[in-house]
Amino acid sequence: MDSLELFVRDKLEHLEAQSLKRTLAETDRFAAALTRRDGKVMISFCCNDYLNLSHDRRVIDAANEATQRYGAGSGASRLVTGNHPLYKTLETKLAAHKETEAAVVFGSGYLTNVGVIPTLIGPDDLIVADELCHACLFAGSQISHAKLVIFRHNDLDHCAELLEEHRAQHPRCLILTDGVFSMDGDLAPVVELAELAEMHDAWLMTDDAHGLGVVAGGKGSSFVTGQKARVPLQMGTLSKAIGVYGGYLCASQAVVDFIKTRARSFIYTTGLPPGAVASSIAALDLIATDAELVAKPMAKARLFTRALNLPDPESCIVPLIMGDADSALAASQTLAEQGFLVTAIRPPTVPENTARLRFTFTAEHRNEDILRLVEAVRPFHRGDKDAA
Ligand SMILES: *Cc1c(COP(=O)(O)O)cnc(C)c1O
């Protein structure tokens, strides 16, 4: 066997022994959070399609119409010929929704973070990041070669301490946080972070992947106090509540103009298919106008947490910490046998010994199904500490 084969087979064996090997399961998704896996129909509580818009007729029709009119693919980078007319509409609507001057759409949320961060921040600069930031914020930080210091999760004092210690040695500084933390479902103290950032002449960038369409009436994590927090860089994804695919940054006009000129993951990649942009526009219109729909995922999550005596959720993501990877996998398997699809999240996605079941609630989940899920989950739930 050659060295490549030996290398990967050894790695795989090692991962398998620790229950950390990841495999793909073929999954058919339908409306109302139904899925089919291995021939079995299950109710999914692990999808980020919080408003079920990926299966909304109006959103699908928008994709179909744009595909008929503009074609299946965009044909080139946006700076070459891939900038079909739908982009302008989507970017204008995103900026209006987030109350910023401008917005720029990328190929995905991941591409947004690995593009924006190194465009604004370089090797001499400083990045101060929450320890539970999403992997792609750390990927963008690494690409920037800036000095990266990490504060304890949501710990403002620790963040301030690090700024006092390091800020003066660097010309520019970026503070990074998720607005809604993807594996814990809690909110960042965005208003206080914005104040800290201003005090230290640092730039705050929030990742609102799980906020848009769900928290603060769908406007996202910068609006949870009822007023717009001063966040100069708000990024997010079109793949979660929007239900489609793509990423975006909302910022000032000058920042957006600069990003469009310099971000490598914007320049050297093909524009999104027209159908993806058109359907994102339709979904965003629904989020901006249908308050009743937007309120549903949080209400569904609350039904679950209250029935289990857990703290009220801050988003529609609810974790149940199991500890080791084997227990999380076994619990997930037991729930699957009862018709509930809930994935086990294991390290390195989450810290060691915090393997968990991660439940996400969506607008179309039926209350009676949530209450059945509650009964199925009870045996794994050993008290409120599990939710911490
Ligand atoms: C999903 C996610 C991303 C990546 O977005 P994609 O559009 O799926 O690439 C970025 N940040 C957070 C917090 C996420 O949950």
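In this report, we go over the structure that sits alongside the text. Bear in mind the structure is a predicted one, so any value in this text is a computation, not a measurement.

Reading the values: rules and limits
- Residues numbered from 1 in each chain as written.
- Predicted model: local features only at pLDDT ≥ 70, side-chain atom pairs only at ≥ 80, totals over all residues.
- Heavy atoms only, no water.
- Helix = DSSP H or I, 4+ residues; strand = E, 2+ residues; numbered from the N terminus.
- Rg over C-alpha atoms; globule rule 2.2 N^0.38 Å.
- Contact = heavy atoms within 4.5 Å.
- Areas by Shrake-Rupley, 256 points an atom, 1.4 Å probe, with all protein chains shown as cover.
- Lys, Arg positive; Asp, Glu negative; His and termini not counted.
- Charge placed at Lys NZ, Arg CZ, Asp CG, Glu CD.
- Pairing = 2+ DSSP bridges.
- Axes fitted to C-alpha atoms, helices over the stretch in contact; angles between N-to-C directions.
- Disulfide = S-S within 2.5 Å.
- Buried < 20%, exposed > 50% of the residue type's maximum accessible area, 1.4 Å probe, protein only.
- Core = buried A, V, L, I, M, F, W, Y, C linked by side-chain atoms within 4.5 Å.
- Domains from an automatic or database assignment.
- Expected span 1.5 Å × (residues − 1).
- Arc of directions from axis to C-beta.
- Patch = residues over 30% accessible without salt bridge, like charges linked within 9 Å, V, L, I, M, F, W, Y side chains within 5 Å.
- Salt bridge = Lys/Arg side-chain N within 4 Å of Asp/Glu carboxyl O.

1. Concerning the overall build of the protein
Stage number 1. Within the protein, the secondary structure is distributed over 13 helices and 14 strands.
Stage number 2. In terms of C-alpha radius of gyration, the protein reaches 21 Å, essentially the compact-globule figure of 21 Å for 388 residues.
Stage number 3. Oriented by its inertia axes, the alpha-carbon framework of the protein measures out at about 60 × 55 × 55 Å.
Stage number 4. In the protein, of all internal contacts separated by at least 6 residues, the share reaching a separation of at least 24 is 71%.
Stage number 5. For the protein, the computed accessible surface area is about 17,600 Å², with 52% contributed by carbon and sulfur atoms.
Stage number 6. The distance from the centre of the 38 positive side-chain charges to the centre of the 49 negative ones in the protein is 5 Å.

2. Structural notes on the sheet that holds strand β9 (residues 233-237)
Stage number 1. With respect to topology, seven strands assemble into an open sheet ordered β4-β10-β9-β8-β7-β5-β6, the strand pairing being mixed. A single partner strand is all that each edge strand has here, and the edge strands are β4 (102-106) and β6 (147-151). When strand polarity is set aside, the average angle formed by the axes of neighbouring strands in this sheet is 20°.
Stage number 2. Note that β4 and strand β10 (residues 247-251) share five bridges and pair antiparallel. Its bridge partner lying in β10, Ala102 is registered against Ala251.

3. Focus on the state of the cysteines
Stage number 1. All told, the structure shown has zero disulfides when counted by the stated rule.
Stage number 2. Cys173 supplies the cysteine sulfur nearest to Cys159, a cysteine that is in no disulfide, at a spacing of 8.2 Å.
Stage number 3. The class of Cys159 is buried, set by a relative accessible area of 0%.

4. Thoughts on the nonpolar core
Stage number 1. Residues Phe45, Leu94, Phe304, Leu335, Phe359, Phe361 and Leu373 are the most contacted members of the largest nonpolar core, which totals 62 residues.
Stage number 2. In terms of residue count, the dominant contributor to this core is helix α10 (residues 274-289) (eight residues).
Stage number 3. Looking at which domains feed residues into this core, each of domain 1 (24-54 + 291-380) and domain 2 (58-289) gives three or more.
Stage number 4. Every residue in contact with Phe359, bar those within four places of it in the chain, is listed here: Phe45, Phe304, Cys316, Ile317, Val318, Leu320, Leu335, Val342, Leu373 and Val377.

5. Notes on the sheet that holds strand β11 (residues 317-323)
Stage number 1. Spatially, three strands are ordered β11-β14-β13 in an open sheet, and the strand pairing comes out antiparallel. Two strands bound the open sheet, and with one partner strand each, they are β11 and β13 (344-345).
Stage number 2. Where β11 and strand β14 (residues 355-360) come together, six bridges link them in antiparallel fashion. Across the sheet, residue Gly323 finds its bridge partner in β14, namely Ala355.
Stage number 3. Sitting on the sheet, helix α12 (residues 325-337) touches β11, β13 and β14, and the angle it makes with β14 is about 35°.

6. A look at helix α2 (residues 57-70)
Stage number 1. Relative to the 20 Å expected for 14 residues at 1.5 Å per residue, α2 spans 20 Å between its end C-alpha atoms, a close match to the ideal helical length.
Stage number 2. Of all the positions in α2, only Val59, Ala62, Ala63 and Ala66 are classed as buried. The buried residues of α2 occupy an angular sector of 100° when the element is viewed end-on, so they sit on one face. Opposite the packed face of α2, turned more than 90 degrees from it, sit the exposed residues Arg57, Glu65 and Gln68.
Stage number 3. Along its buried surface, α2 packs onto α3 (86-98) and α10.
Stage number 4. Count one or two residues on from α2 and you reach Gly71, which has phi positive near 100°.

7. Concerning the environment of Arg9
Stage number 1. Along the chain, the position of Arg9 falls in helix α1 (residues 3-17).
Stage number 2. Taking relative accessible area as the criterion, Arg9 reaches 43% and is therefore assigned partly exposed.

8. Describing a negative patch on the surface
Stage number 1. A cluster of acidic residues, Asp157, Glu161, Glu164 and Glu165, forms a negative patch at the surface.
Stage number 2. With respect to the secondary-structure elements, Asp157 resides in helix α6 (residues 156-166).

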